[in-house]
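Architecture and fold: a report
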Amino acid sequence: MEITSSAFAEGGSIPTQYTCDGGDVSPPLAWSGAPAETKAVALTVLDPDARDFVHWLAVNTPTGLTGDGSIPEGATATPAAGVEGRNSGGRPAWYGPCPPSGEHRYVFTVYALSERLELAAGFTREQLTQAISGMVLASGTLTARYRR
């Protein structure tokens, strides 16, 4: 699977508007190449330079429920984001990059799933990991950077 953003390229810098230094809105994302049997998708955004700090979790996005799809800019906390899990800040929403020092990497991963997930808003990363176990048909990543 391939995941892209019209706001930044693979290995590129995340624009300030998507961070704590700007508007802190979720970036636009799109994915393609999901297997035909895909029934749902899940999204994770993690910062591996901060012990896998969770920036965003979402499942069952309305666009792309069966494979290829997208999430528009600023979709967090709207129906367009699907059901959102709890970020490391403790709330179910996008938590924009805000590294305390240096440059950090942000890994956006989309998972094509064989079944739709039944998770309630505010689910944790651990609950998502358990729920998708044995259901991942394919996945794709997009990695970007941010320095304050």
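Going by the structure above, here's the rest.
Let me begin by describing the structure that accompanies this report. (Residues numbered from 1 in each chain as written. Predicted model: local features only at pLDDT ≥ 70, side-chain atom pairs only at ≥ 80, totals over all residues. Heavy atoms only, no water.)

As for the pairing of strand β4 (residues 53–59)
Among the seven residues in β4, six count as buried, and that is most of the element. Direction of pairing for strand β3 (residues 40–47) relative to β4: antiparallel, over a ladder of six bridges. Residue pairing for β4: Asp47 is matched across the bridge by Phe53. Linking β3 to β4, which pair antiparallel, is a turn of five residues; within it Arg51 sits at a positive phi near 55°. The pairing of β4 with strand β6 (residues 83–84) spans two bridges and is antiparallel. Looking at the pairing, Val59 lines up with Val83 of β6. (Buried < 20%, exposed > 50% of the residue type's maximum accessible area, 1.4 Å probe, protein only. Helix = DSSP H or I, 4+ residues; strand = E, 2+ residues; numbered from the N terminus. Pairing = 2+ DSSP bridges.)

Section: unusual backbone geometry
Despite not being glycine, Arg51 has its phi angle at roughly 55°, a positive value. With respect to the helices, strands and loops of the structure, Arg51 is situated in the loop between β3 and β4. Positive phi outside glycine occurs at Asp52, with the angle close to 60°. Examined against the element boundaries, Asp52 turns out to sit in the loop between β3 and β4.

So, the pattern of salt bridges
If you walk through the whole model with that rule in mind, you get four salt bridges. Ionic pairing is found between Asp21 and Arg148, a salt bridge with its closest N-O pair at 2.7 Å. Within this pair, whereas Asp21 is found in the loop between β1 (2–4) and β2 (29–32), its partner Arg148 is found in the segment after β8 (136–147), the two being separated by 127 residues in sequence. The exposure class assigned to Arg148 is exposed, which follows from its relative accessible area of 52%. Residue Asp49 pairs with Arg105 through a salt bridge whose shortest N-O separation is 2.7 Å. Residue Asp49 is located in the loop between β3 and β4, and its partner Arg105 is located in strand β7 (residues 103–113); the two are separated by 56 residues in the primary sequence. By relative accessible area, Asp49 is classed as partly exposed at 34%. (Salt bridge = Lys/Arg side-chain N within 4 Å of Asp/Glu carboxyl O.)

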